[in-house]
Amino acid sequence: MALKHSSALPPEMLRVFETMPQPYLILSPELYMLTASNAYLQLTGKTRAQLIEHYLFEVFPKIPDWSHEEGGISHSLDTVLKTRKPHQLPVTRFDIPSATDPLHVEERYWNTSHTPVLNADGEICYIIHHTEDVTAQVIAERNLKASLEKETAAAARAENLSLQMEKLFDEIPAQVAIVTGPDLIYEFINPQYKNELFPNREVLGKPVLYALPEVAGEPIWDMLQHVYKTGETMAGHEIHIPLADEIGGPVKDHYFNYVYQAIRDEAGKITGVLSFKYEITELVLARKRLELNAQQLTELNQGLANAYEEIQATNEEIQSANEELSATNEELFRAQQSMLTLNDDLELRVELRNIELFNAQAEAAAERDRLKRFFMQVPTGICVLDGPDLVFELVNPSYQQLFPGRELLNKPIKDALPELEGTPIIDILKSVYYTGNTFEGKELLVPLARTKDGPIEDRYFTFIYQARYDADGTVDGILVFVFELTETILTRQKEKENEQRFRFLLNAMPQQVWTARPDGTLDYVNEVVCDDFGQNMDQILGRRLQEFIHPDDQHLSAQKWKAALQSGKEFMVEFRLKFHDGQYVWHLARALPLIENGHIRLWLGTNTNIEIQKNNEQKKDEFLSIASHELKTPLTSIKAFNQLMQRTTDMHKLTGFIQKSAAHVLRLEKLISDLLDVTRFNAGKMEYNMEAFNFLDMLKDSIESTQQATTSHQIILQQADEATYTGDRFRLEQVVNNLLSNAIKYSPGADKVIVNCIVHPDNSLIVSVQDFGIGIEEKNLMRLFDRYYRVDNTAMRFEGLGLGLFISAEILKRHHGSFWIESKPNEGSTFFFRLLLHSAEKPEPVIRGDEFYQDSTITLVYNKTHNRIDADWTGFQNLETVQQGCLRMLDMLQKNQVSKVLNSNVHVLGNWSEAADWGNTEWFPAMEKAGLRYFAWVHSKSVFSQLSAQKSIETLRGKIVFSFFDEVKEAEEWIDSK
């Protein structure tokens, strides 16, 4: 089957995801499934073969809940692909087929998130789909069954992770051993340690000195004892250790890069030493051979220089003899007998000198031959480059092996190796030739082809370029010594790349991820942990997770941890963790042990934020308490009036009892109706009958019916604009009735309620309901539209379930409306809601490069003078307009590389508070990464808008400095001073 996705993961990454102790599904940008964790397969009842390389909605068809436009899986994935930002779905109901009867389904609830992983260009490589079954938190009756399922999945994940970790230690390209006790007895060695060092020895269970007697008195023995006694970690390079293949055998020199680290028990006492090393003997010996060859070459050069000096001396002697011969010829005329005698002597001396010269030349030639033979036999690559054209004069076999099949000898280097043209190598060679300075290169990257027509490869070499001198001391060539390290360097880079990729993968996960030693000491945490705790990794490592747990939760956590240590099974507990701002946040901790030889060596764990679920559970409990009271009260009254009606025959009293009983029945019907509406909202089954109607008529009908039910207040319709609106009249009438009832209920000391209905110039309808009652404190305004919420100081004074405003908010959202509140304690409150009459065509935005943007809701200007972005928000805002404007601001900030923003809400007329959550969790973190450091925020006159602004930054951490202002001028002075 052909691969249908655009971003494949390496096999090692797939295996990591498959063994994660969480339900994960990895998707390509085209929504093809790349892999899934074992926990996900267990959760969905699928096999990996049913998922891998299949399109998501072919295996899991798009049913209504999946494609729901306000929060379905499809909508979430579209959001991630468009914004390239993580997206968290609210707890969603998604029923699955019954295991016993496929024609029926089981009720389930899920907590789902989608996290994109970006490449270096900012494009999506793949998407991490994480879903968690939270049915147990919604339906308490199924807690036992969910717990058993999780334990089964955890056991499977633990077994898989154990196998993976065993394989990791078996395949790691290093020699790992553990020695324990004062005698340093071998407790563990990995296959590399056994096969590469002691294939003919058995060392397990033996003390180091008994197993390796040859290390007695060596530095390695002193180091091991020092680490065991002090706990100090020791690391180094090229340590020399003499080792024999078997006890009593000849000792050979070995060299290692090493790390020796103490192992401690739960009490912190040192129990042994972890030895981690890899052998570099061949590399060290090669370097030493190179150093010896260089020394021998230097000595040979010196011998050649001495021979040259002797030849020069002989030439001088010959010249002197010639001068003597001339003198003898002059005397020949005076004494021929003497001349003959002297001539015989001269011939004898010349012959002797010629013999000496010949012998000197022969010896020099022999030295050159010996040097050439030495060069040709050395296992290191050696060549001689002659003259300014750098012609290959000599190439030994080791050098030729670097370029098999390529002709080098007697060719200039530019012709023999043309790919070097334009590289630093040619410039370095010329510098050595013209300056005589020796150049040493270590592990340098040189792009070279191995064969004549082969591809150019990235190859790494260590080499020496040394000038060669002639008899006059002038440079006439270059000696080259080189050996290739490409395989070693690429292996090292691959190991580093794998480590970086693994850390990147863990940091891309939305949960806290950590590893700990058996005693609970943390030895790795991902960036989420550092961000949450407000500390860097060095400050956290070496500490225990217990230090961050709430004191009230530490005892249970310690018990669970102890039980997990004793059983070697999954550690799972709920506790509160202290964040950097001092707040405690609920988390679900899960960890699996890595077990070797019956002992736990490592814990791999995750902490999942469950604060929202905990808050919902608390709200649910509070609501159940209130609901039981509110439902019981009218039932008790109805029962009492029924008993009174049975006892009386007085028709006048009987009529009164019936009327009072009927009033309580109506109240009970209202409570039950609210509960049914909330149930429909939760199940996504609230039905709407959208049709055009006269909005003002509906508003007047609501006022009239509410007025008939009260004599304490007069409801005044102050301004009433005519408007035709398309929507569900009954549901919108329900919203108005709720606002009017609340206005009367919460203003017991007042006698009027004012209603306005205004058609705004932007083609929207704005309705306001004003009372003159108890008012609401600012701290409570943002929560009024939450499910079951009732302001504390009204909970006992006024009846109700706290569902009215929540239901009203949901109805308005379904009509794409927005709402807000203005209130002052003891003065009263005004509730607003806004509906669009019809979609008007939006004017095209005005864009001038990267420095100006303007549409109907925002104006953005790059202020060059003060190097900042000026943002002016206009009119009514909702989640869509806020997201659009904020993303434009982010783009302008990045392109102009500024760190300051002046953000004005002076001209904002209304506010939708849900935009605050998006700004807090997604937008501001993105702005910080883009370089934002200072943010001046000018408030609008709306208190609700001000609270939304505060909510947008309430949990932010990092380098952004915020300051709020009431006037633009004050904000300008502050931000210009930064």
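Novice: Help me out: how do you make sense of the overall build of the protein chain in this one?
Specialist: Along the backbone of the protein chain there are 31 helices and 37 strands. Only carbon and sulfur atoms are counted for the fraction: they give 52% of the accessible area of the protein chain, which is about 51400 Å².

Novice: Sorry, what's going on with unusual backbone geometry here?
Specialist: Leave glycine aside and you will find that most residues have negative phi; peptide bonds, for their part, are mostly trans. You will see that Arg-84, though not glycine, has its phi angle at about 55 degrees, which is positive. Within the secondary structure, Arg-84 sits in the loop between helix H6 (73-83) and strand E3 (87-88). For Arg-84, a relative accessible area of 36% translates into the label partly exposed. You will see that Asn-763, though not glycine, has its phi angle at about 75 degrees, which is positive. Tracing the backbone through its elements, the reader meets Asn-763 in the loop between strand E27 (752-760) and strand E28 (764-770).

Novice: Sorry if this is basic, but what is going on with a negative patch on the surface here?
Specialist: A grouping of Asp-966, Glu-967, Glu-970 and Glu-973 is seen on the molecular surface, where their side chains present a negatively charged patch. Tracing the backbone shows Glu-970 in helix H31 (residues 968-976).

Novice: Explain the pattern of salt bridges to me, please; I cannot follow it from the model alone.
Specialist: Oppositely charged side chains are able to pair whenever their charged atoms sit close together. Following the criterion strictly, the structure yields 24 salt bridges and no others. Here Asp-870 and Arg-868 are joined by a salt bridge, their closest N and O atoms 2.5 Å apart. Summarising the burial analysis for this pair, Asp-870 and Arg-868 share the class buried. For Arg-868, the salt bridge is made with Asp-976, and the minimal N-O distance between the two is 2.5 Å. On the criterion of sequence distance, the pair formed by Arg-868 in strand E34 (residues 868-876) and Asp-976 in helix H31 is long-range, its members being 108 residues apart. Classification of Asp-976 by relative accessible area gives partly exposed; the value is 32%. Put simply, Asp-386, Glu-393, Arg-468 and Asp-476 are held in one network by salt bridges that share partners.

Novice: Explain the pairing of E28 to me, please; I cannot follow it from the model alone.
Specialist: Put simply, side chains in a regular strand alternate between the two faces of the sheet. For E28, the buried fraction is high: six of the seven residues fall into the buried class. With seven bridges connecting them, E27 and E28 associate as antiparallel partners. Bridge pairing links His-760 to Ser-764 in E28. If you look at the hairpin formed by E27 and E28, you'll find three residues sitting between the two strands, and Asn-763 has a positive phi there, around 75 degrees. Of the pairings in the sheet, the one linking E28 to strand E30 (residues 828-836) comprises seven bridges and is antiparallel in character. Of the residues in E30, the one forming a bridge with Val-769 is Phe-831.

Novice: Looking at this structure, I do not really get the sheet that holds strand E13 (residues 270-279). What am I missing?
Specialist: As a general point, the strands of a sheet are linked pairwise by backbone hydrogen bonds and lie either parallel or antiparallel. Taking strand neighbours across the sheet as the criterion, the five strands line up as E10-E9-E13-E12-E11 in an open arrangement whose pairing is antiparallel. This sheet does not close on itself; its edge strands, each paired only once, are strand E10 (185-189) and strand E11 (234-244). This sheet shows a mean twist of 35 degrees between the axes of neighbouring strands, independent of strand direction. One ladder, built from nine bridges, connects strand E12 (residues 251-264) with E13; its direction is antiparallel. Bridging across to E13, Gln-261 finds its partner in Leu-274.

Novice: I keep staring at helix H20 (residues 551-567) and nothing clicks. Help me out?
Specialist: Owing to its 3.6 residues per turn, the α-helix aligns residues three or four sequence positions apart on the same side. A rise of 1.5 Å per residue sets the reference length of H20, with its 17 residues, at 24 Å; its end C-alpha atoms lie 25 Å apart and thus fit the reference within 8%. All of the buried residues in H20 are Asp-553, Ser-557, Trp-561, Ala-564 and Leu-565. Tucked inside the fold, the buried residues of H20 contact strand E19 (512-516), strand E21 (571-578), strand E22 (584-596) and strand E23 (599-609). Note on H20: the residue one or two positions beyond its end, Gly-568, has a positive phi of about 70 degrees.

Novice: I would appreciate a short explanation of H31 in the present structure.
Specialist: When H31 is considered as a whole, its buried residues turn out to be Ala-971, Trp-974 and Ile-975. The arc that holds the buried residues of H31, viewed along the axis, is 90 degrees, so those residues lie on one side. With respect to the buried face of H31, the exposed residues turned more than 90 degrees away are Lys-969 and Glu-973.

Novice: Just checking my understanding: could you explain the packing of aromatic side chains for this structure?
Specialist: Given two aromatic rings, one states the distance between the centres and the angle between the planes to describe the pair. Scanning the model with the defined rule gives 27 aromatic pairs in all. Here Trp-820 and Phe-876 contribute two aromatic rings whose centre-to-centre distance is 5.7 Å and whose plane-to-plane angle is 45 degrees, an arrangement assigned as tilted. Of this pair, Trp-820 sits in strand E29 (residues 818-824) while Phe-876 sits in strand E34; the two residues are 56 residues apart in sequence, bridging distant segments of the chain. Grouping residues by exposure puts Trp-820 and Phe-876 together as buried. Three or more aromatic residues joined by ring pairs make a cluster, and in this case those are Trp-923, Phe-924, Phe-935, Trp-937, Phe-962 and Phe-964. Seen from the ring of Phe-403, Arg-459 lies directly overhead, with NZ or CZ sitting 5.4 Å from the centre. Lys-752 extends its terminal NZ or CZ atom over the ring of Phe-772, reaching a point 5.2 Å from the ring centre.

Novice: How should I be thinking about the environment of Arg-576 in this particular structure?
Specialist: Tracing the backbone through its elements, the reader meets Arg-576 in strand E21. Considered as a pair, Arg-576 and Asn-609 are 33 residues apart in the sequence and their alpha carbons are 9.4 Å apart. Looking at Arg-576, its side chain comes within polar contact range of the side chain of Asp-553, at 2.8 Å.

Novice: I keep staring at the side chain of Glu-18 and nothing clicks. Help me out?
Specialist: Relative to the helices and strands, Glu-18 is located in helix H1 (residues 11-18). Only 3.2 Å separates the side chain of Glu-18 from the side chain of Thr-35, close enough to count as a polar contact. Ignoring anything within four residues of it in the chain, the contact list for Glu-18 reads Thr-35, Ala-36, Ser-37, Asn-38 and Arg-48.

Novice: So what exactly am I meant to see when it comes to the side chain of Thr-710 here?
Specialist: Considering the arrangement of structural elements, one finds Thr-710 in the loop between helix H23 (695-708) and strand E25 (714-720). A distance of 3.0 Å separates the side chain of Thr-710 from the side chain of Ser-712, its partner in a polar contact.

Novice: Is there a simple way to think about the pairing of strand E2 (residues 33-36) in this case?
Specialist: Bridge count for strand E1 (residues 24-27) against E2 is three bridges, and the pairing is antiparallel. For Leu-25, the partnering residue across the bridge sits in E2 and is Ala-36. Joining the antiparallel neighbours E1 and E2 is a turn of five residues, in which Leu-31 adopts a positive phi near 70 degrees.

Novice: What's the story with the sheet that holds E22 in this structure? I'm lost.
Specialist: Read across the open sheet, the five strands follow the order E20-E19-E23-E22-E21; overall the sheet is antiparallel. Edge positions in the sheet fall to strand E20 (522-525) and E21, since each has one partner strand and no second. Each strand axis lies, on average, 25 degrees off the axis of its neighbour in the sheet, ignoring direction. Packing against the sheet, H20 makes contact with E19, E21, E22 and E23, and its axis sits at approximately 155 degrees to E21.

Novice: Help me out: how do you make sense of the packing of H1 against helix H17 (residues 486-508) in this one?
Specialist: Two numbers describe a pair of packed helices, the interaxial angle and the distance between the axes. Contact pair H1 / H17: the axes reach a minimum separation of 11 Å and the direction vectors enclose 35 degrees. When you trace H1 past H17, the crossing you get is right-handed. Mapping the contact onto sequence places Glu-12, Met-13, Val-16 and Phe-17 in H1 and Lys-494, Asn-498, Arg-501, Phe-502 and Leu-505 in H17. When grouped by side-chain class, the residues that make up the contact of H1 with H17 number five nonpolar, one polar and three charged.

Novice: In this structure, what is going on with the environment of Phe-57? I would like to understand it.
Specialist: Relative to the elements of secondary structure, Phe-57 occurs in helix H4 (residues 56-59). Distance in space between the C-alpha atoms of Phe-57 and Leu-31 is 8.4 Å, their sequence separation being 26 residues.

Novice: Sorry if this is basic, but what is going on with a nonpolar patch on the surface here?
Specialist: A cluster of nonpolar side chains, Val-259, Phe-276 and Tyr-278, forms an exposed patch at the surface whose accessible area comes to about 230 Å². Mapped onto the elements of the fold, Phe-276 is located in strand E13. Look at Phe-276 and you get partly exposed, because its relative accessible area is 31%.

Novice: What is the right way to look at the nonpolar core in this model?
Specialist: Nonpolar side chains in soluble globular proteins tend to end up buried together. Grouped together as the largest cluster of nonpolar side chains are 36 residues, with contacts concentrated most on Phe-695, Leu-732, Leu-740 and Phe-833. Looking at this core, the elements with two or more residues in it are H23, helix H24 (729-745), E27, E28, helix H27 (804-814), E29 and E30. Membership of the second largest hydrophobic core comes to 29 residues, among which are Ile-413, Ile-425, Ile-478 and Val-480.

Thresholds, definitions, all that
- Residues numbered from 1 in each chain as written.
- Predicted model: local features only at pLDDT ≥ 70, side-chain atom pairs only at ≥ 80, totals over all residues.
- Heavy atoms only, no water.
- Helix = DSSP H or I, 4+ residues; strand = E, 2+ residues; numbered from the N terminus.
- Areas by Shrake-Rupley, 256 points an atom, 1.4 Å probe, with all protein chains shown as cover.
- Buried < 20%, exposed > 50% of the residue type's maximum accessible area, 1.4 Å probe, protein only.
- Patch = residues over 30% accessible without salt bridge, like charges linked within 9 Å, V, L, I, M, F, W, Y side chains within 5 Å.
- Salt bridge = Lys/Arg side-chain N within 4 Å of Asp/Glu carboxyl O.
- Lys, Arg positive; Asp, Glu negative; His and termini not counted.
- Charge placed at Lys NZ, Arg CZ, Asp CG, Glu CD.
- Pairing = 2+ DSSP bridges.
- Axes fitted to C-alpha atoms, helices over the stretch in contact; angles between N-to-C directions.
- Expected span 1.5 Å × (residues − 1).
- Contact = heavy atoms within 4.5 Å.
- Arc of directions from axis to C-beta.
- Phe/Tyr/Trp six-rings, centres within 6.5 Å; stacked < 30°, edge-to-face > 60°.
- Lys NZ or Arg CZ within 6 Å of the ring centre and 35° of its normal.
- Polar contact = N/O pair within 3.5 Å; in protein donor to acceptor, adjacent residues only side chain to side chain.
- Left-handed = near helix turned anticlockwise from the far one by under 90°.
- Nonpolar A, V, L, I, M, F, W, Y, C, P; charged D, E, K, R; others polar.
- Core = buried A, V, L, I, M, F, W, Y, C linked by side-chain atoms within 4.5 Å.

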